[in-house]
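These are the residues of each chain, in order.
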Amino acid sequence: MRHIAVIGSGTMGNGIAHVFAQHGFSVALIDVNQAALDKGLATIAKNLDRQVAKGTLSAADKDATLGRLALYPTIAEGVQEAELVVEAATENLELKLKIFRELDMHAPANAILASNTSSISITQIAAVTQRPAQVIGMHFMNPVPVMKLVEVIRGYATSAEVTEQIMELSRQLGKTPTEVNDYPGFVANRILMPMINEAIISLFEGVAGVEEIDTVMKLGMAHPMGPLQLADFIGLDVCLAILRVLHSGLGNPKYAPCPLLVNMVTAGRLGVKSGEGFYSWAHGSKELIVAERFRK
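In short, a report on the structure. (Residues numbered from 1 in each chain as written. Predicted model: local features only at pLDDT ≥ 70, side-chain atom pairs only at ≥ 80, totals over all residues. Heavy atoms only, no water.)

This structure, assessed with the given rule, holds 4 aromatic pairs. Seen from their ring centres, Phe278 and Phe294 are 5.6 Å apart, and the 35 degrees between their planes marks the pair as tilted. Residue Phe278 is found in the loop between α12 (259-266) and β9 (279-280), and its partner Phe294 is found in the segment after β10 (289-290); the two are separated by 16 residues along the sequence. Of the two residues, Phe278 and Phe294, both sit in the buried class. Counting every residue linked through ring pairs, the aromatic cluster contains Phe233, Tyr279 and Trp281. The ring centre of Phe25 lies 4.4 Å from the NZ or CZ of Arg2, which sits over that ring. The ring of Phe294 has Arg293 lying over it, and the distance from NZ or CZ to the ring centre is 5.2 Å. (Phe/Tyr/Trp six-rings, centres within 6.5 Å; stacked < 30°, edge-to-face > 60°. Helix = DSSP H or I, 4+ residues; strand = E, 2+ residues; numbered from the N terminus. Buried < 20%, exposed > 50% of the residue type's maximum accessible area, 1.4 Å probe, protein only. Lys NZ or Arg CZ within 6 Å of the ring centre and 35° of its normal.)

If you look at the biggest cluster of nonpolar residues, it comprises 32 residues, and the most contacted ones within it are Phe20, Val27, Leu84, Phe140 and Ile166. When residues of this core are assigned to their parent elements, the largest contribution, 6 residues, is made by helix α1 (residues 11-22). Here Phe140 is in contact with Met12, Ile16, Phe20, Val86, Asn116, Leu149, Val150 and Leu173, once residues within four sequence places are set aside. In this structure, Ile200, Leu203, Cys239 and Met264 belong to the second largest nonpolar core, which totals 26 residues. (Core = buried A, V, L, I, M, F, W, Y, C linked by side-chain atoms within 4.5 Å. Contact = heavy atoms within 4.5 Å.)

A few words on the pattern of salt bridges. For the coordinates displayed, the defined rule picks out 10 salt bridges. Put simply, Glu168 and Arg171 hold a salt bridge, and the shortest N to O gap is 3.3 Å. Placement of the pair is Glu168 and Arg171 together in helix α7 (residues 160-172), with a separation of 3 residues, close to one helical turn. Its relative accessible area of 40% is what places Arg171 among the partly exposed residues. The shortest N-O distance in the salt bridge between Lys273 and Asp237 comes to 3.0 Å. With a gap of 36 residues between them, Lys273 in the loop between α12 and β9 and Asp237 in helix α11 (residues 236-250) connect regions that are remote in the sequence. (Salt bridge = Lys/Arg side-chain N within 4 Å of Asp/Glu carboxyl O.)

It is worth spelling out the side chain of Asp182 at this point. In this structure, Asp182 sits in the loop between β8 (176-181) and α8 (188-204). Among the polar contacts listed, one links the side chain of Asp182 to the side chain of Ser121, at a separation of 3.1 Å. Discounting chain neighbours no more than four positions away, the residues touching Asp182 are Ser121, Ile122, Thr123, Ile153, Arg154 and Gly155. (Polar contact = N/O pair within 3.5 Å; in protein donor to acceptor, adjacent residues only side chain to side chain.)

Shown next as structure tokens:
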């Protein structure tokens, strides 16, 4: 397997393309938005420059990595030679189903189709294709070039052979693959999102403030960042979408998203991507500044 296609050039997509290209794979990065494609390529180049500056990558290897990347505006053009396609589009079921129908039409018959979804059913995605045995989940962690884990999600119809191929491929990327079964949220988000939601509920109910909640989890539980800061990095809209998948798929009220989270997303306060969530991210400093509405 040498030819990879990645659908979506946002944070996850460009990170996945970066890692594959750095490890010697030919990568087609696909996005219908040309500006997003250009931004994705610029992000990859910037991250490679950072590796060169740190001495973990040579300038020659950086150039070789960029040389393995090609940009495409359509799925039909980008997947012609793909042996593996990794979809990294927005966490939206209908969009993913549309993409996989199109992939099934245009990707080679032997190609494996993977989704980087963080919560949506692989079985449901596979059902809209004519190759459900070749559909699997590859849930990378953000930032992809740094984080070692890949959750490999085996759908109801995913074959053992395809699962082992993706496990081995993940190891080739220097990652640690962990096989999980196809249930809402898989493992990572089934555990993480209720914790984030409970932190938001604690804020909503006035148990403590933003800084206090994050400090307790950082110093008391040895988390590298607090759950509210992490929610801002993930995107509050993404957190809400995953919680709704958990709530709907498992039918348990403990997964119901906090009303504060719903209101913040409705108001467009999405975290880092919008400049404000629980913290203010428009200040141009690495210092954590609590958003005005949450200050005492």
